[in-house]
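Structure at a glance
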Amino acid sequence: FNLHVHEQLDQRSRRLNLWAALTISHLILMSSAANVWDYSCGVVEDMRGSRICNRTLFALILGTVGAAFGIVVCGMKAAIGKAPLLLESVLASVIFTVNAYGVALVTGEKGPGAGIGNLYYFSWISLLSAFFTMVRCSEALSQRKEQPKANAQSHMMGGDEESYMGRSQG
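This write-up is about the structure you can find in this document. Quick caveat: nothing in here was measured; it's all calculated off a predicted structure. (Residues numbered from 1 in each chain as written. Predicted model: local features only at pLDDT ≥ 70, side-chain atom pairs only at ≥ 80, totals over all residues. Heavy atoms only, no water.)

1. Thoughts on the packing of aromatic side chains
Taken as a whole and judged by the stated rule, the model has three aromatic pairs. Residues Tyr120 and Tyr121 carry aromatic rings whose centres are separated by 5.6 Å and whose planes lie at 75 degrees to one another, so their mutual orientation is edge-to-face. Feature note: the residues Phe96, Phe131 and Phe132 constitute an aromatic cluster, connected by ring pairs. (Phe/Tyr/Trp six-rings, centres within 6.5 Å; stacked < 30°, edge-to-face > 60°.)

2. Concerning the pattern of salt bridges
Throughout the structure, instances matching the rule amount to three salt bridges. Across the pair Lys77 and Glu88 runs a salt bridge, and its minimum N-O distance is 3.5 Å. With Lys77 in helix H3 (residues 51–80) and Glu88 in helix H4 (residues 85–107), this pair connects stretches of sequence that are 11 residues apart. Glu88 carries the same exposure label as Lys77, and that label is buried. Between Glu139 and Arg136 there is a salt bridge; the shortest N-O distance is 3.9 Å. (Salt bridge = Lys/Arg side-chain N within 4 Å of Asp/Glu carboxyl O. Helix = DSSP H or I, 4+ residues; strand = E, 2+ residues; numbered from the N terminus. Buried < 20%, exposed > 50% of the residue type's maximum accessible area, 1.4 Å probe, protein only.)

3. What to know about the state of the cysteines
Inspection of every chain in the model, using the stated rule, returns one disulfide. Each sulfur of the disulfide joining Cys41 and Cys53 lies 1.9 Å from the other. With the S-S dihedral at roughly -105 degrees, the linkage between Cys41 and Cys53 falls on the left-handed side. With Cys41 in helix H2 (residues 16–41) and Cys53 in helix H3, the pair connects residues that are 12 residues apart, well separated along the chain. Using a relative accessible area of 1% as the deciding quantity, one classes Cys41 as buried. Of the residues examined, Cys53 reaches a relative accessible area of 1% and is grouped as buried. (Disulfide = S-S within 2.5 Å.)

In structure tokens, the structure reads:
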């Protein structure tokens, strides 16, 4: 039957664990920001529109969008076996860039995550998971770009290295 279960799992799971970590960290970021919103901005109407409430809302949106992007990529990997690498790279880069601003706004001196807590920690964890996902995607892209060059060089030599070596010996 020529079933290669291990190979299929490896193929589907490339970067899947990073996307899952990114999704989970953004879900926790979203829920932490929602908690701060409920207790600070949702109860006291005078606080709405203030700097801290705007930054809390930004963290809430950041967590929602990051989790949604992660769910899309994880869903594609689960449903069709892979996600387009270019799509993964673009989404990871966008998430990382927005998270970099998010960490500055949310954990800054006047931000809602300035104190140590879930919002503080998961702002940073979300940034790190987005960074590692982006790095892995760019590594995969660079390997994909280098692969045709290596194939072209081996074809210029008359095929792959083994067939070239075999001809020179025989």
